[in-house]
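Geometric and topological summary
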Amino acid sequence: MAQGDDAFVEFDRVQKSYDGENLVVKDLNLSMPKGEFLTMLGPSGSGKTTCLMMLAGFETATHGDIRLKGKPINDIPPHKRGIGMVFQNYALFPHMTVAENLAFPLQVRKMSKDVQQQKVKRALDMVQMGTFAGRRPSQLSGGQQQRIALARALVFEPELVLMDEPLGALDKQLRETLQFEITDLAHKLGITVVYVTHDQTEALTMSDRVAVFEAGRIQQLATPSQLYEEPQNSFVAQFIGENNTLEGVVAEIRDDTCVVKLDSGETIDAVPVNVSKVGERTKVSIRPERVEVDTKKLGPNAHTLKAEVLEFIYMGDIFRTRLRVAGIDDFVIKTRNSPDQVKLTPGSTIDIGWLPRDCRALDA
Amino acid sequence: MSDATHGPDNLTGITPDTGLKIGKSDKDGPMLAADGTPLKTSLNRALRRQKRRALMLIAPLLLFILLTFIYPIGEMLFRSVENQIVGDTLPRTVRVLADWNPDETEVPGPAVFSALAKDMTVASEEKNHTRLGSRLNYEVSGISSLFRKTGRNVDDIGENYTEQFVALDPAWEDPQTFVDIFAGPRWVEANAAYDGEGRRPTFRLAEGVGEVLPQTASIYRDFARVVQVEDDDNPAEEEPWNSVYLALYEDLRDGAAIPADFPHAALLTAAQAAVPNFATTNLQAAFVDMDKDWTDREVWRTIQTYSAPYTTGYFLNAADLQLTPDGIAWRPENERVYITLFVRTLIMSTAITVACILLGYPIGWLLANLPSRQANLLMILVLLPFWTSLLVRTSAWKVLLQDQGVINDLLVWIGFVSDGNRLALINNATGTIIAMTHILLPFMILPLYSVMKTIPPSYLRAAKSLGATNWTAFWRVYFPQSVPGIGAGSILVFILAIGYYITPEIVGGTKGVFISNRIAYHISTSLNWGLAAALGAILLVIVMAFYWAYDRIVGIDNVKLGG
């Protein structure tokens with residue numbers, strides 16, 4: 001994690017309240033190095049957009065400092081911050097052509113006409129929209145509009161670009177194409193990006209690091225793989241990817257394992273993440289794809305449990321099966337659609353198993 | 001980015017390009033519907049029912065508007081060119097006067113005075129002469145009294161001839177003699193059978209009498225009609241007018257050929273023999289005796305100029321011009337009011353519109369951007385004036401603005417003006433502009449608000465994030481998008497202002513009245529409806545011209561009253 005001097009963007013104990021009674025952002029500390037692609041991920045109302053707006057200058061922090069390249073920017077108005085921004089509704093000016101939209105930030109910076117033209121052309125080529133310069137935004141499709149919005153946010157060469165759910169209004173296929181294009185551009189240009197989304201797939205595929213927001217706090221700030229593999233608390237585990245939760249009480253804690261007595265009576269081994277003492281309630285999290293049906297494949301220290309098949313869903317590349325395990329009936333496993341895969345019939349009882357290291361004991 | 005060439009487009013359905021391609025592909029013939037009829041025909045058939053239903057839904061309103069709005073307005077506008085009163089009231093005079101050349105003789109010849117004597121007799125009996133007098137008085141003042149005076153005495157003209165005919169033979173005194181000569185047999189029969197119930201039978205001339213005694217027949221017919229309709233009397237029992245005897249004298253003098261089988265042929269022949277020896281009357285002198293204005297060439301020229309059934313006179317008058325025998329000319333300096341009034345109306349309406357934009361724009365912005373609770377409260381304040389009578393609001397301004405009014409008192413009290421120099425805020429253009437700006441402001445705010453409501457705040461944010469200052473962001477991004485609202489508000493306010501009446505009437509004094517006040521004056525006080533209609537028509541044309549110009553410049557599609 002970047003700290004201190006080489007931090008490019010830094011939130012230092014930032015708080016924000018709109019009504020003077022509730023904090024929308026509670027004690028936010030975040031620092032990111034230059035060139036990083038950081039995603040703020042969270043459900044709506046978690047404070048992620050407020051953070052972005054504070055960074056852009058459209059909201060003022062109630063308390064704390066926001067620093068850009070080491071300088072506090074709390075008192076700098078938005079138009080002097082030099083931060084590019086892409087909005088969910090694109091915010092292309094409807095009364096200007098594409099080229100005029102792109103030239104706008106250059107005009108307000110009083111660049112010469114030649115330079116403007118040159119930069120506009122380069123930016124349009126960059127998003128492969130060179131032939132659309134004369135069109136009006138209303139004559140473009142959603143995806144095309146978002147490319148133009150992206151080009152406009154980049155045309156004046158900002159070092160930091162903020163994106164507020166830019167792909168939220170697009171369909172799935174287009175979203176995936178643009179996800180790739182945006183990350184590609186960001187890396188090519190070496191810009192720093194703060195990206196806000198509530199779509200976890202988007203966050204995982206695009207980002208260098210993801211900050212998961214909930215109730216005005218960052219719950220976990222980590223790389224996508226850490227976030228998925230090693231969630232630090234049950235909210236993150238639930239929010240990122242699919243997750244099976246078994247509730248119970250900590251029975252024993254050793255250095256790197258703990259024993260959890262489930263409410264149904266079984267005891268399982270798990271990695272203690274944020275459990276501190278025996279007797280504490282805990283939620284044990286297991287990813288569906290880490291659960292093995294063919295228990296013979298697992299090593300000797302694997303857990304095995306009896307499970308009843310409730311529902312079998314065919315999803316093409318994978319099968320999703322809902323089971324009743326240890327008294328809960330929304331335990332889900334995912335199995336690959338491979339030639340040797342057994343097909344599970346509802347009503348049958350099977351053995352399932354997993355390795356203790358894939359099993360994380362989190363806060364209740 | 002590898003997809004960009006075939007990327008977004010293939011995901012968004014028909015674009016204009018692909019639409020064109022589809023359109024071109026069926027150039028082999030018209031598109032056919034499933035049953036083989038051309039697609040256009042079957043589409044039209046499907047739409048026709050919808051259209052008919054739509055028409056039926058609006059039919060009551062359409063009928064209502066047509067009857068209560070379009071038709072009366074059309075009729076009113078028609079009055080601006082209609083001028084049948086001169087030809088209808090003085091048919092004989094107008095016919096003879098057409099030959100008169102004002103450049104050759106000072107006043108028209110005796111034939112015209114003779115015709116005038118007959119026309120005026122009929123008109124005064126029907127009491128039409130005063131209406132004609134007021135009509136012609138619009139063109140030359142004084143004519144009204146001329147006609148009134150003449151109408152009182154015109155029945156004496158030709159008395160001389162009456163006496164001479166009666167002296168010749170007492171039969172000429174008998175109304176029955178005239179009935180025998182002029183009345184058609186069917187009327188005589190019907191008239192004898194008339195029992196006082198319902199309408200009297202319409203008088204008809206006897207066959208052939210029109211050719212033998214044309215002038216007398218014509219005036220006798222008028223006489224019979226007037227006696228029957230106006231006086232509800234029997235022409236067979238009423239002594240004819242003096243002008244009938246005058247006409248008879250003229251017909252006989254001019255060598256009427258009396259056929260032997262004509263009724264009272266002997267009587268007529270005897271009269272014809274005696275006529276050359278009759279003492280004559282100088283009709284011109286007789287008229288001049290009644291009013292010396294009958295020697296005024298101007299009067300005759302006016303009658304001649306306005307004898308056509310349709311006239312541009314009202315429109316010329318409305319533009320401070322007049323129709324003279326030499327063509328169109330300006331009215332005398334001291335009578336020119338309408339151009340000044342039109343110009344003033346336009347300038348003040350523009351001023352009011354601009355004032356409404358300046359005052360309304362910030363309010364519209366506030367309304368669109370405040371949280372909904374405060375916005376609703378503000379909206380109620382904006383709409384509040386609508387719940388008060390226009391008259392009350394205007395009167396309130398009178399109280400506020402007058403010399404000893406609230407505003408002047410306040411200004412004196414804070415020492416802004418001295419007690420002796422109180423501001424003249426009412427009974428002038430200032431008063432009108434202040435009061436009308438206040439009254440028309442909601443018509444500006446509402447369209448502005450509804451347009452601004454649709455401009456997402458993210459545009460301003462985007463502009464600022466791109467480096468625009470608050471002012472640049474507003475001026476280059478927000479303002480252009482609010483222009484349709486300004487346009488809609490301006491059209492509303494301007495068109496309402498241009499035809500405003502009550503407020504200028506109450507607070508405008510003489511310097512702050514609009515053209516509409518003048519129109520109202522002509523409708524209700526001077527009763528010159530033709531001029532009022534012409535002024536109204538010009539106002540309508542001006543409004544339409546502005547609308548047209550606006551459409552050309554801004555485009556009426558850009559006018560938004562909401563969403």
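Given the structure is predicted, the values throughout are model-derived calculations rather than measurements.

Cut-offs and rules
In this numbering scheme, every chain counts its residues from 1 along its sequence in written order. For this description, chains carry letters from A and ligands carry numbers from 1, given in the order in which they are written. Two thresholds apply to this predicted model, a pLDDT of at least 70 for residue-level local features and 80 or more for giving and counting side-chain atom pairs, whereas whole-chain, interface and lining totals are computed over all residues. Helix and strand labels come from DSSP, where a helix needs a run of H or I of at least four residues and a strand needs a run of E of at least two; each type is numbered from the N terminus. We define the nonpolar core as any set of buried residues of the types Ala, Val, Leu, Ile, Met, Phe, Trp, Tyr and Cys, connected via C-beta atoms lying within 7 Å of each other. Burial is judged by counting the other C-beta atoms within 10 Å of a residue's own C-beta: 20 or more makes it buried, 12 or fewer makes it exposed, and any count in between marks it as partly exposed, with every C-beta position built from the backbone. Throughout, a pair of residues is in contact if the C-beta atoms placed from their backbones lie within 7 Å. UniProt positions are given in the numbering used here, feature names are shortened, and annotations may be inferred rather than shown by experiment. What marks off one domain from the next here is an automatic or database domain assignment. Take the residue count of a helix, subtract one, and multiply by 1.5 Å to get its expected span. Note on pairing: DSSP must find at least two bridges between two strands before they are called paired. Under this scheme, a helix contributes an axis fitted over its contacting stretch, all axes are lines through C-alpha atoms, and angles between N-to-C directions fall in the 0 to 180 degree range. Note: pLDDT gives the predictor's confidence per residue, expressed from 0 to 100. Under the scheme applied, nonpolar residues are Ala, Val, Leu, Ile, Met, Phe, Trp, Tyr, Cys and Pro; charged residues are Asp, Glu, Lys and Arg; polar residues are all the others, including Gly.

Moving on to the environment of Leu 391 of chain B. Considering the arrangement of structural elements, one finds Leu 391 of chain B in helix H20 (residues 390-401). Sequence separation of Leu 391 of chain B and Ile 506 of chain B is 115 residues, and the distance between their C-alpha atoms is 8.8 Å.

Membership of the largest hydrophobic core comes to 108 residues, with the highest contact counts inside it found for Ala 151, Leu 162 and Ala 211 of chain A. The element that contributes the greatest number of residues to this core is helix H4 (residues 142-154) of chain A, accounting for six residues. Apart from residues lying up to four places away in sequence, Leu 162 of chain A is in contact with Leu 52, Leu 55, Ala 56, Ile 83, Met 85 and Val 194 of chain A. Among the nonpolar cores identified, the runner-up in size contains 57 residues, and Ala 224, Val 226, Val 244 and Tyr 249 of chain B belong to it.

This part covers the UniProt feature "transmembrane region" (unreviewed entry) in chain B. All names here are of chain B. Here, the residues flagged by UniProt with the feature "transmembrane region" (unreviewed entry) are residues 54-74, 341-368, 375-392, 429-451, 483-502 and 529-550. End C-alpha atoms of residues 54-74 are separated by 26 Å, and the span's content is 100% helix alongside 0% strand. Annotation note: span residues 429-451, helix share 100%, strand share 0%, distance between end C-alpha atoms 32 Å.

Moving on, we get to the domain arrangement of chain B. Each assigned domain of chain B is listed here: domain 1 (35-77), domain 2 (88-155 + 283-311), domain 3 (158-277) and domain 4 (338-558). Taking the mean C-alpha position of each, domain 1 of chain B and domain 3 of chain B sit 58 Å from one another.

We now examine helix H13 (residues 242-253) of chain B. All names here are of chain B. Taking 1.5 Å of rise per residue, 12 residues should cover 16 Å, and H13 covers 16 Å from first to last C-alpha, within 8% of that figure. Judged by how many residues are buried, H13 sits mostly within the fold: 11 of 12 residues are covered. Restricting attention to buried positions, one finds in H13 the residues Asn 242, Ser 243, Val 244, Tyr 245, Leu 246, Ala 247, Leu 248, Tyr 249, Glu 250, Asp 251 and Leu 252. Where H13 is buried, its residues contact helix H5 (110-126), helix H8 (159-168), helix H12 (214-229) and helix H14 (265-274). A positive phi of about 85° marks Gly 255, the residue just after H13.

This part covers the pairing of strand S2 (residues 23-33) of chain A. Residues and elements named next belong to chain A. Pairing analysis gives seven bridges linking strand S1 (residues 7-17) to S2, with the strands arranged antiparallel. If you follow Glu 10 over to S2, its bridge partner there is Ser 31. Counted along the chain from S1 to the antiparallel partner S2, the turn is five residues long, and its residue Gly 20 has a positive phi close to 80°.

Below, the discussion takes up the sheet that holds S1 of chain A. All names here are of chain A. The antiparallel open sheet is built from four strands, whose spatial order is S2-S1-S4-S5. Edge positions in the sheet fall to S2 and strand S5 (71-72), since each of these pairs with one other strand and no more. Where strand S4 (residues 63-68) and S5 come together, two bridges link them in antiparallel fashion. Bridge assignment links Arg 67 to a residue of S5, and that residue is Pro 72.

Residues and elements named next belong to chain A. Reading across from one edge, S17-S16-S15-S18 is the order of the four strands in this open sheet, with antiparallel pairing throughout. Edge positions in the sheet fall to strand S17 (328-336) and strand S18 (349-354), since each of these pairs with one other strand and no more. The average angle at which neighbouring strand axes cross in this sheet is 50°, direction not considered.

Bringing the confidence of the model for chain B into the picture now. All names here are of chain B. On average, chain B scores 86 in pLDDT, and the residues at 70 or more come to 93%. Per-element mean pLDDT across chain B ranges from 45 in helix H1 (residues 16-25) up to 93 in helix H18 (residues 338-369). Contacts from residues 1-26, a stretch scored under 50 in pLDDT, to residues over four places away or in other chains number 20 contacts. Scoring the predicted complex yields pTM 0.75 and, for the interface, ipTM 0.81.

Within the secondary structure, Val 25 of chain A sits in strand S2. Contacts of Val 25 of chain A, omitting those with residues within four sequence positions, involve Val 14, Gln 15, Lys 16, Gly 47, Thr 50, Cys 51 and Gly 216 of chain A.

Turning next to the domain arrangement of chain A. Residue and element names in this part refer to chain A. By domain assignment, chain A separates into domain 1 (4-234) and domain 2 (242-363). A straight line from the C-alpha centre of domain 1 to that of domain 2 covers 38 Å. On the side of domain 2, seven residues touch domain 1, which itself brings four residues to the contact. By residue class, the composition of the side of domain 1 that touches domain 2 is one nonpolar, three polar and no charged.

Below, the discussion takes up the interface of chain A and chain B. Counting from both sides, the interface comprises 29 residues of chain A and, opposite them, 23 residues of chain B. Elements supplying a minimum of two residues to the side of chain A that touches chain B: strand S6 (83-86), helix H2 (98-108), H4 and helix H5 (172-189) of chain A. Here the side of chain A that touches chain B gets five residues from one element, more than from any other, and that element is H5 of chain A. Grouping the constituent residues of the side of chain A that touches chain B by class yields 14 nonpolar, 10 polar and five charged.

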